[in-house]
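The residues making up each chain are set out below.
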Amino acid sequence: MAEAADIQGTSPSPARRWLRRTITVAFGAPFLAGLLHGPVAAAPATAAEDAGVSRTVDVSLDTLAPSAPVEGDTVTITGTVTNRGKKTVTDATVNLRVGPRMTSRSEIDQVTGRTGFRNDSDPAPLDGAPTVKIPRLGAGLSSDFSLSVPVSELGLDEEGVYQLGVSLTGQTSDRQYDRVLGIERTFLPYQPEAAEKKTQLTYLWPLISSAHVSAQTATDDQQTPVFQDDDLADELRPGGRLDQLVSLGKGLPVTWVVDPDLLASVDAMANGYRVKDGDRDVPGRNQALAERWLDSLEKAVQGHKVVALPFADPDLASLAHRGKDVPGSLGHLQSATSLAGMTVETVLHVQASTDFAWPVDGAVDPAIAAVATSAGADKVIARSDSVRDDLPYTATAARPLGNGSTTAVVSDALLSTAFEGDMVRAENSTLAVQEFLAQSLAVTLEQPEDQRSIVVAPQRMPTTAQAQAMATALEGLSGRRWTQPSDLLAAAAAKPDPDASTTVPSSSRYPKKLRDRELPVQAFRDMKTTRDELDDFKVILTQPERVVTPFGNAIDREMSTSWRGEARAAAIYRNGVLDYLQTLTKGVQLVDKSDLTLSGRSATIPVTVQNKLLQDVDHLVLRLTSANKNRLELDGDGYQELPVKVGGGHSQSVKFTASANVNGQVPMTAQLYTQDGTPYGQPMNFTVKVSEITPTVMLVIAGGVLLLVLAGVRMYSQRKRVAARNAEAEAAESAEAEAASEPGPDGSGEQEAHGDEPGQPSDPTPDTGPESGDPSGPGEKVDR
C-alpha cells in the first residue's frame, strides 16, 4: 500500500526514515515482550495495510446503478472477486465502505491512483449494510457478488462526491486472522437537488476515420472513386464503430465534430464505388450500407450544432513543426478548410461551423496557434494540460489567446481523457463513468455561486466500447442536477474568466511524446513533389478537373492526423498517390524512333506523340533540337518548335523540316514542353545520318538520264523506218499479184498457173513482227 508521502508524489527524507525506525523499535519492544509471554488472538491493524497483502484478491466492480442516485433510490453493485494469490482464502466477506466526502478534484484524482487498502483513510465497513459470505476461494478462482443498499442507509449527509469501496476481508492458510485482502474504490456523486448555478457542459462527439479513398478513379463519366480497401464498411455495419457513434449520439446533448472527408467517402460509397484488388479494381458491395448510415446520421444531427474540421482532418502540429517551411503546404490547409463546409452541407444538408481548429490532444504552442488560424479559423480547441490555469478552481473554457485575435476553447483534461484506454472490460467502463460524474459534480461545487462553462473534447476516434462508456456518462448527467448541456459555439462565446490564463505555451512545453509521432519533413516534401507534378500535368489537359479534384483530395488525406503512429502506412499511401499520378503523366509521351538516314539537301523528320489518356491534351509544344546545326538545320536554326494537340487514345505525327549541309551523323533530341516552357516528360534521342548528294554526282545522273532519252529517240526512229519499208514491200507485192491475175492469150490466169500453194520461194521473208502496244518490260534496252 502506498504511503502518505507516495500519494503526494514525494518520498520520506533520510532523517524521517531514521525517526520512523527509532519509534518502531521503542514501541515494538513491549509488543515483542508480550508475544514472548503469551499468544495473541489477532494481529493488530497497522496504519497502512501491506500493499501486497491487500491486493491478494482482485475486486472488480462491473456495474453500479444508478450512477448518480437520489433520495429513495437503491444502489446496486455487482462484481467479481478473484484470488490472485497462491493460498486458499477462507471465511471471506465482501463489504461495502462509504466515505469520506471528497472536498476537491485533486482529492478525487488521488483516490483514483490508490491500489491497496489504507486503514487510516479507507472507511470501516458500512454498518447494517448487506454483505456477501464466501467460505472458500481457491487460488486462481473467482466468485460473483451483488450488493444492494438503499441510499438512506449509505450515510450521505450532504451533497458532494463520496468515496465508495468494496472490499474482501478474510484469512489465508499462512495468516489465519481477518484482514483486508482486496479492495476497489470508485465514487458516488450525490446531488439530490438541482444546484442553483449549474455548470454549462459542452461535449464534443467526433465522427472521424482514417483515409480510405485513393487518388484513382474509374474511366467512366462519373469518375467512380477507387478505395484503397473496404475496411470503412466494417465501421458502418450495425454494431461497428461509426454505426455506434451515430446510434448513441443521436439521443445525447452533444456537438458533432465531423471530418468532411469521412462524409465524402461514405457518400461516394453510397453512389457506387470500386475497391482495389491487387493490380485491378472491383465493384464495391456495400452501397446500401453506406446509404443507411448517411440517412441515420442526417437524422441524428438535426437540431444539433455541427462543427466541420478541415477536409481530411490535417495534422496541425505536424504542419506547424515540420511542414510549414515546405512551400505550398499551408495552401492545402486553406483549400481543406474551404472544402469543409461545402461538403457537410452537400451531404448532410445542414450548415456547419468551420471556425474551429483542433490540434492533436489540444496541445498548442506559438507555431501551432499560428498555423491553426492561418486558414481562417479564429478559434482553437486546446486542453487544460497545455494551457494551464494556476487557479484553485476550474475556469470557464473560453478565453482570448495570445494577442487576443484568437479565442482558445480550453477543454478539461481530466474529463476529456476519462474514457481513454480499454473500455471493453465492464469494470474499466464503470470506474471511468463514476469518476467522470464525480469530477463534473466537483467542478460545480468548487464555485457554487458562479456559473461556469466547461468543454469536454475526447479522443478523436473512440472505439465502440469507449463511445458506449461516454454515452453512459452523459446519460448519468441527464437529470441535469449539477450540469446543463451547451454547444461548442455557445461555449466559445461565453464570458471569459478574468483570472484564466491567456498565454500561449512555449514550444519547449510541447509534449515530446506527441512531437515524436508527427509526420516527418520528408512527408511534406513528398506532398510537394506530387503537387508540383500535378501542376505541370493539369495545364495540358482539356478537362483538368477530372484529375485535379481526386489528386487534391488525396494530398489533403496525406496530411491527416489519422496517420499518427502509422508511419509506414502513411508512406505507402503517399507513394501510391505519386506513382499513380506518374502513370497518368506517362500516358502522354513521345514514341521512340530508330535512327534515320537523310539523302538529299532537305527532308521531313516525323516525331510521334502518343496520348493514352481518355481526354484530349493541348497546350503542348514539341521541340526538336539538332546537336550540330552546321551539319543539319531545322527551320534555318538549331531547333524547331511545333504545337501539339492529341485526342484521347490517339497519336499524332509532328513533322519537322530539315536541311542538310554536310555529310555525317547528327544527334537529335525531341522534348515536349508546356506552353510556359516547363519540360514535360522525358526527352527522346535519336540519330540522323546525313548523306548529301554533290553537284558532280548530279551531273553524272543528269548525263545518264540524257543518254536514256537519246536512246529512246533513236529506238523510236529506227522502228519507224522499219515500219515504212515493210509497208512499201507489202504494196509492191500486192501490185505483182494483181498483174499475175489478168487473163493471157489462152485465156488462163496467173493463179491458175501457180495455184494457191503458200511459201513459194519468191515470197519475201519479214524482218520484224507486228508492233506491240504493251509497255516495254523491265531492263529492256532500247537503242536510239
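Read on for a plain summary of the structure. Keep in mind it's a predicted model, so treat the numbers as computed, not measured. (Residues numbered from 1 in each chain as written. Predicted model: local features only at pLDDT ≥ 70, side-chain atom pairs only at ≥ 80, totals over all residues. Heavy atoms only, no water.)

## With respect to the overall build of the chain
Part 1: The helix and strand tally for the chain stands at 20 helices and 29 strands.
Part 2: Taking contacts inside the chain between residues at least 6 apart in sequence as the whole, the part at least 24 apart equals 77%.
Part 3: Accessible surface computed for the chain: about 38800 Å², of which carbon and sulfur atoms make up 50%. (Helix = DSSP H or I, 4+ residues; strand = E, 2+ residues; numbered from the N terminus. Contact = heavy atoms within 4.5 Å. Areas by Shrake-Rupley, 256 points an atom, 1.4 Å probe, with all protein chains shown as cover.)

## Topic: the packing of aromatic side chains
Part 1: On inspection of all chains with the given rule, the structure shows six aromatic pairs.
Part 2: Relative to Tyr580, the ring of Phe551 has its centre 5.7 Å away and its plane inclined at 15 degrees; by these criteria the two rings are stacked. Remark: Tyr580 occurs in helix α18 (residues 567-585) and Phe551 occurs in helix α17 (residues 545-558); sequence separation between them is 29 residues.
Part 3: Phe551 sits in the buried class, given a relative accessible area of 1%.
Part 4: Take Tyr580: its relative accessible area is 21%, and that puts it in the partly exposed class.
Part 5: The ring of Phe356 has Lys379 lying over it, and the distance from NZ or CZ to the ring centre is 5.6 Å. (Phe/Tyr/Trp six-rings, centres within 6.5 Å; stacked < 30°, edge-to-face > 60°. Buried < 20%, exposed > 50% of the residue type's maximum accessible area, 1.4 Å probe, protein only. Lys NZ or Arg CZ within 6 Å of the ring centre and 35° of its normal.)

## Considering the sheet that holds strand β4 (residues 132-137)
Two pairing modes exist for strands in a sheet, parallel and antiparallel, and in both the strands are linked by backbone hydrogen bonds.
Part 1: Judged by pairing direction, the sheet is antiparallel, and its four strands sit side by side in the order β4-β3-β6-β7 without closing on themselves. The open sheet has two free edges, formed respectively by β4 and β7 (175-190), since each of these has just one partner strand. Strand-to-strand twist across the sheet, computed as the mean angle between neighbouring axes with direction ignored, equals 25 degrees.
Part 2: Each of β3 (89-102), β6 (160-172) and β7 touches helix α12 (residues 426-446); the most contacted strand, β7, lies at about 55 degrees to it. (Pairing = 2+ DSSP bridges. Axes fitted to C-alpha atoms, helices over the stretch in contact; angles between N-to-C directions.)

## Quick notes on the nonpolar core
Part 1: Membership of the largest hydrophobic core comes to 73 residues, with the highest contact counts inside it found for Phe537, Leu622, Leu624, Leu632 and Met668.
Part 2: For Leu624, the residues in contact, after removing those within four places along its chain, are Ile605, Val607, Leu634, Gly638, Tyr639, Gln640, Phe656, Met668, Thr669, Ala670 and Phe686.
Part 3: By size, the runner-up hydrophobic cluster in this structure holds 67 residues, among which are Val254, Val433, Leu437 and Ala469. (Core = buried A, V, L, I, M, F, W, Y, C linked by side-chain atoms within 4.5 Å.)

## Digging into a nonpolar patch on the surface
Part 1: A cluster of nonpolar side chains, contributed by Leu706, Leu707 and Leu710, occupies part of the molecular surface with about 280 Å² of accessible area.
Part 2: By the secondary structure assignment, Leu710 is in helix α19 (residues 695-740).
Part 3: Given a relative accessible area of 34%, Leu710 falls into the partly exposed group. (Patch = residues over 30% accessible without salt bridge, like charges linked within 9 Å, V, L, I, M, F, W, Y side chains within 5 Å. Salt bridge = Lys/Arg side-chain N within 4 Å of Asp/Glu carboxyl O.)

## So, the sheet that holds strand β22 (residues 596-599)
Part 1: A sheet is described by the order of its strands in space; here five strands give the open sequence β22-β29-β28-β24-β26, paired in mixed fashion. Looking at which strands have only one partner, the edges of the open sheet turn out to be β22 and β26 (639-646). Strand-to-strand twist in this sheet, taken as the mean axis angle between neighbours without regard to direction, amounts to 30 degrees.
Part 2: In this sheet, strand β29 (residues 679-691) lies alongside β22 in parallel orientation, the contact comprising four bridges. If you follow Leu598 over to β29, its bridge partner there is Val690.

## Quick look at unusual backbone geometry
Part 1: Going from Ala65 to Pro66, the amide bond is cis rather than trans, its omega being -10 degrees.
Part 2: Each neighbour pair has its own omega, and for Gly99 with Pro100 the value is -5 degrees, a cis peptide bond.
Part 3: Within the secondary structure layout, Pro100 lies in strand β3.
Part 4: A positive phi angle, close to 60 degrees, is found at His349, a residue other than glycine.
Part 5: Along the chain, the position of His349 falls in the loop between α9 (329-348) and β15 (356-357).
Part 6: His349 sits in the exposed class, given a relative accessible area of 54%.
Part 7: One non-glycine residue, Asp635, lies in the positive phi region at around 55 degrees.
Part 8: In this fold, Asp635 is placed in the loop between β25 (632-634) and β26.
Part 9: You can call Asp635 exposed: its relative accessible area is 57%.

## A few points about the environment of Gln543
Part 1: Its location among the elements puts Gln543 in the loop between α16 (521-538) and α17.
Part 2: Gln543 sits in the partly exposed class, given a relative accessible area of 34%.

## Overview of helix α6 (residues 260-270)
Part 1: With nine of its eleven residues buried, α6 lies for the most part within the structure.
Part 2: Of the residues making up α6, those classed as buried are Pro260, Asp261, Leu262, Leu263, Ser265, Val266, Ala268, Met269 and Ala270.
Part 3: Measuring from the backbone nitrogen of Asp261 back to the side-chain oxygen at the start of α6 gives 3.0 Å, which picks out Asp259 as the cap.
Part 4: Count one or two residues on from α6 and you reach Gly272, which has phi positive near 100 degrees. (Polar contact = N/O pair within 3.5 Å; in protein donor to acceptor, adjacent residues only side chain to side chain.)

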